[in-house]
Amino acid sequence: MSKMLSVENLSISFRTDEGVITPVKGVSFTVEKGRTLGLVGESGSGKSISTKALMQLLPGTARLGAASRMIYTAKDGQQISLGNLRHGSKELRRIRGGEIGMIFQEPMASFSPVYTIGNQMMEAIMLHRGLKKREARQFAIGMLNKVGISNAAARVDQYPHELSGGMRQRAMIALTLSAGPALLIADEPTTALDVTIQAQVLDLMRDLQRELGMGMIFITHDLGVIAQIADDVAVMYLGTIVERGPAKEVIRNPQHPYTQGLLDAIPSLDHLHDRLKPVPGDIPSPTARPGGCPFHTRCTQAIAGTCEVHEPPETSAIPGCAVRCWLHTSQGRSAA
Ligand SMILES: Nc1ncnc2c1ncn2[C@@H]1O[C@H](COP(=O)(O)OP(=O)(O)OP(=O)(O)O)[C@@H](O)[C@H]1O
């Protein structure tokens, strides 16, 4: 396996009226070529801003910590430090779309309402694939076909608002893939869709990712979705990765009480009518980040005198997996 993205020690702070907050603190993860990393956690855990940082899409009030490193290996093998790219530079424009594509929950965030779908796709195709207008149009139609849009030759001349929600999401996937990215970031792309369409779009994304050999970061709050689409998973809580490893292993044998809570929140097929058991309590605000382990305020297994005082180190008991929890250290076990 070859590493296409390596994020090390990423911290993100914002200047706000209440002072400086740091909603992402020391996050590290890698994405392998041809594999999908699922980034999972409740709303506010810092999933979106961690990936927006890669594309320099954070607002001007944001600052990256001095030790943050985001190294991307481009298609030609060149290693690019994403944090050093200048705003408005030619290189950043090339990276956005042509190397790293992004799909959002709301397709209208990517589409302009005033141009046809075809025009927008053709622009990306001409810029990133160097095709002429006529070829670009054919390519766009082929891409719409690929994502399962029927009658693509007519749809290509429609405006985004003329498509249904599920169709628009497929068209956005086609638009993003038109630029030929090697790495795709999908930020809750199916959350706004109804359940049947959600499953179809997930299947489509998994098939396209495999067929095109792309790396993918898939952001979701739902571990059930991770089980369907991800090879690897990183579980985020209040700006920190609390557990990571191969998705199958983490789901089969979760080590962190937060991951266990997220898994308990998924209704099993045999018990679809049971009440969901969400992780009790609310995620604290980054302005009031608890000391020690950030999860200790909601953890039913917290060790008094340890978890609220000291931040746990990352340890690994299962090959390829890592967890940040005092329960998995000899020090924590003897204090329990
Ligand atoms: N522009 C901003 N200014 C100040 N703080 C911000 C800004 N954007 C995000 N944050 C802070 O970062 C936290 C994490 O935001 P982020 O959007 O990454 O969460 P998330 O895990 O993706 O949640 P969701 O699933 O709701 O998108 C927010 O709760 C907020 O405190």
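A brief structural summary. One numbering rule holds for all chains: residues counted from 1, following each sequence as written. With the structure being a predicted model, the display of local features is reserved for residues of pLDDT at least 70 and the display and counting of side-chain atom pairs for 80 or more, all residues being used for whole-chain, interface and lining totals.

## Some words on the site of the ligand
And then number 1: The criterion for a residue being near a molecule or strand is a backbone-placed C-beta atom within 6 Å of that molecule or strand. Around the ligand lies a shell of 16 residues, among which Phe14, Pro23, Ser43, Gly44 and Ser48 are the nearest.
And then number 2: Each helix is a run of DSSP H or I of at least 4 residues and each strand a run of E of at least 2, with the numbering of both proceeding from the N terminus. When residues of the shell around the ligand are traced back to their parent elements, those giving at least two are β1 (3-16), β2 (19-32) and α1 (47-54).
And then number 3: Looking at the shell around the ligand, the element that brings in the most residues is α1, giving 3 residues.
And then number 4: Of the residues assigned to the shell around the ligand, the class counts are 6 nonpolar, 9 polar and 1 charged. In the scheme used here, Gly and all other residues not listed as nonpolar or charged are polar, with Ala, Val, Leu, Ile, Met, Phe, Trp, Tyr, Cys and Pro taken as nonpolar and Asp, Glu, Lys and Arg as charged.

## Here's the deal with the packing of helix α4 (residues 133-146) against helix α6 (residues 165-178)
Helix-helix packing is characterised by the crossing angle of the two axes and by the distance between the axes.
And then number 1: Relative orientation of the contacting elements α4 and α6 amounts to 130 degrees, with a least axis distance of 9 Å. As summarised for this structure, α4 and α6 are arranged oblique, according to the angle between their axes. Crossing of α4 over α6 shows right-handed handedness. Contact with α4, carried on its side by Ala140, Met143, Leu144 and Lys146, involves Ala171, Ala174, Leu177 and Ser178 of α6 and no other residues of that element.
And then number 2: Here the contact of α4 with α6 is composed, by residue class, of 6 nonpolar, 1 polar and 1 charged. Fitted lines through C-alpha atoms serve as axes, helices being fitted only where they are in contact, and the angles separating the N-to-C directions of these axes extend from 0 to 180 degrees. Each angle is binned into one of four classes, with values under 35 degrees roughly parallel, values over 145 roughly antiparallel, values of 65 to 115 roughly perpendicular, and all other values oblique. Crossings are assigned a handedness: left-handed for a near helix turned anticlockwise from the far helix by less than a right angle, right-handed for a clockwise turn. We call two residues in contact if the C-beta atoms placed from their backbones are at most 7 Å apart.

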